[in-house]
Amino acid sequence: FEAGAVEVDVDGILDVPTHTVTFGRAGHNYPLVHNPTRRPSISILKSAGSALGFGPSEIFQKTIEERELPLQEGDLLLIYTDGLVEAKNRESQEFELPFVCDVLKQNLKATSEEIIVAVMRAVDEFIDGQPQEDDIALMAIRYTGQTEGA
């Protein structure tokens, strides 16, 4: 770390036998879960947590919150960096979370790979060639409810 630098992180454990994911975040954007059978169909997975390096480790330990999500067949988990929702078009409008949610809703049965392609295509169209100030990283996980060998 450089002096004064902070790092954000999100970590999770997928427990296939119990059909749960346990996650925590350290200042990172909140992950999303999308499934048209859930109400609401898209949820923001909120949990407390300050960025790494933001203060003494005692503060970090007191603020980090671990959450557990019971998974349902068809759930799509989307983890993304702030570069996605802060990508700007020519009018300096940001590609905010509602735009991301629209892409998810338009791709209900897409695979994880197809979701990433669709989100990146949408943000590329939105920014229309504008240079960006931050990188974009995405991870999508589609939970099928199937276990290997089943």
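Residues numbered from 1 in each chain as written. Predicted model: local features only at pLDDT ≥ 70, side-chain atom pairs only at ≥ 80, totals over all residues. Heavy atoms only, no water.

Participant: Break down the packing of helix α3 (residues 97–106) against helix α4 (residues 112–127) for me, with residues and values.
Facilitator: At a closest axis distance of 10 Å, the pairing of α3 and α4 adopts a crossing angle of 135°. Taken as axis vectors, α3 and α4 run oblique relative to one another. When you trace α3 past α4, the crossing you get is right-handed. Within the contact between the two elements, α3 uses F99, V103 and L104 and α4 uses I115, A118, V119, A122 and F126. Here the residues of the contact of α3 with α4 are counted per class, giving eight nonpolar, no polar and no charged. (Axes fitted to C-alpha atoms, helices over the stretch in contact; angles between N-to-C directions. Helix = DSSP H or I, 4+ residues; strand = E, 2+ residues; numbered from the N terminus. Parallel < 35°, antiparallel > 145°, perpendicular 65-115°, else oblique. Left-handed = near helix turned anticlockwise from the far one by under 90°. Contact = heavy atoms within 4.5 Å. Nonpolar A, V, L, I, M, F, W, Y, C, P; charged D, E, K, R; others polar.)

Participant: Go over the confidence of the model for the protein chain with me, naming the residues and quoting the values.
Facilitator: When the pLDDT values of the protein chain are averaged, the result is 82; 74% of them are 70 or greater. Mean pLDDT values over the elements of the protein chain span from 64, in helix α1 (residues 57–63), up to 97, in α4. (pLDDT = per-residue confidence, 0-100.)

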